[in-house]
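Per-entry structural report
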Amino acid sequence: MSNLITKTTELAMQITLFYVEQGDTVIDATCGTGHDTLALAEAVGDGGRVYAFDIQKEAISLTSELLKNNGCTNVELFNESFVYMGEHVPEGSASAAVFNLGYLPGGDHSITTEAGATIEGLRAALKAIRTGGIVTVVLYDGHEEGRREKERVLRWAEKLDTKTYHAVFANMLNQNNYPPEILWITKKR
Ligand SMILES: C[S@@+](CC[C@H](N)C(=O)[O-])C[C@H]1O[C@@H](n2cnc3c(N)ncnc32)[C@H](O)[C@@H]1O
């Protein structure tokens, strides 16, 4: 058995997939290179649907190519901010939404998620998920905007209504070089 906690993004995806079944609707808020989108597309299968967003054309092209190479036809890609996901994803329809924050790996590091928009996107995601669904956020505080973003996102999550949501934060206590951290929020049944 592999050690899940050695790769934070993999751990975040496994937590997410616990809430996802074949045929579900799910959201990748930041498709980037497309690896999370592909994992979600495979998890929901041909009968499911993935809505994937990114503000960078490069990310949409990388994701589109990866999906094509893997024969996935169940993904709708939007070259738009996750702030607008509510215009595309019916309210209460998704079992999961994934936010992998920061910048495109191998891309322009100055184009990164920003606290204000991220919180707006997270609010939209909480509307888009159904009862029993999950929103997973991978946070990076190794760069300045990432630190600001993490602080504001955690402060926002701490105040979520306890009757409706569970919010959990996991960080890698003894690792070097600012490993990513995970926030996950579930909508109570
Ligand atoms: C860490 S990468 C995502 C990695 C991706 N999940 C993967 O599997 O490769 C973060 C992405 O967020 C995108 N991004 C930044 N702000 C955004 C926004 N407001 N809406 C959607 N995407 C955004 C960036 O363009 C970048 O591609």
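In what follows, the accompanying structure is described. This structure is a prediction, so every number in the text was calculated from the model and none was measured.

A count of helices and strands for the chain gives five helices and seven strands. Written out in order from the N terminus, the α and β elements of the chain read α-β-α-β-α-β-β-α-β-α-β-β. At 15 Å, the chain has a C-alpha radius of gyration in line with the 16 Å of a compact globule built from 189 residues. Projected onto the principal axes, the alpha-carbon positions of the chain cover approximately 40 × 40 × 40 Å. Across the 189 residues that make up the chain, the buried fraction comes to 40%. Look at the contacts in the chain between residues 6 or more apart in sequence, and 72% of them connect residues 24 or more apart.

Attention shifts here to the site of the ligand. Inspection of the region around the ligand gives 22 residues, with Thr30, Gly32, Thr33, Asn100 and Leu104 positioned closest. For the shell around the ligand, the per-class residue count stands at 11 nonpolar, nine polar and two charged.

At a minimum axis distance of 9 Å, the contact between helix H4 (residues 115–128) and helix H5 (residues 144–158) shows a crossing angle of 35°. Handedness of the H4/H5 crossing: right-handed. On H5, the residues that touch Ala115, Thr118 and Ile119 of H4 are Arg148, Glu149, Arg152, Val153 and Trp156. In the contact of H4 with H5, the residues fall into four nonpolar, one polar and three charged.

The next subject is the packing of helix H2 (residues 35–44) against helix H3 (residues 57–69). Between H2 and H3, the least distance of the axes is 9 Å, while the angle of their chain directions is 40°. Once H2 is placed against H3, the crossing between them reads as right-handed. Here H2 contributes Thr37, Leu38 and Ala41 to the contact with H3, which in turn contributes Thr63, Leu66 and Leu67.

This part takes up the sheet that holds strand S7 (residues 181–187). Taken together, the seven strands give an open sheet; going across it, the order is S3-S2-S1-S4-S5-S7-S6, and neighbouring strands pair in mixed fashion. Two strands close off the open sheet at either side, each with one partner strand: strand S3 (75–78) and strand S6 (165–170). Taking each pair of neighbouring strands and ignoring which way they run, the sheet shows an average axis angle of 15°. Of the pairings in the sheet, the one linking strand S5 (residues 129–139) to S7 comprises six bridges and is antiparallel in character. Note that in S7 the partner of threonine 136 across the bridge is tryptophan 184. Each of strand S1 (25–28), strand S4 (94–100), S5 and S7 touches H4; the most contacted strand, S5, lies at about 150° to it.

Procedures and definitions
Residues numbered from 1 in each chain as written. Predicted model: local features only at pLDDT ≥ 70, side-chain atom pairs only at ≥ 80, totals over all residues. Helix = DSSP H or I, 4+ residues; strand = E, 2+ residues; numbered from the N terminus. Rg over C-alpha atoms; globule rule 2.2 N^0.38 Å. Buried ≥ 20, exposed ≤ 12 C-beta atoms within 10 Å, placed from the backbone. Contact = placed C-beta atoms within 7 Å. Near = placed C-beta within 6 Å. Nonpolar A, V, L, I, M, F, W, Y, C, P; charged D, E, K, R; others polar. Axes fitted to C-alpha atoms, helices over the stretch in contact; angles between N-to-C directions. Left-handed = near helix turned anticlockwise from the far one by under 90°. Pairing = 2+ DSSP bridges.

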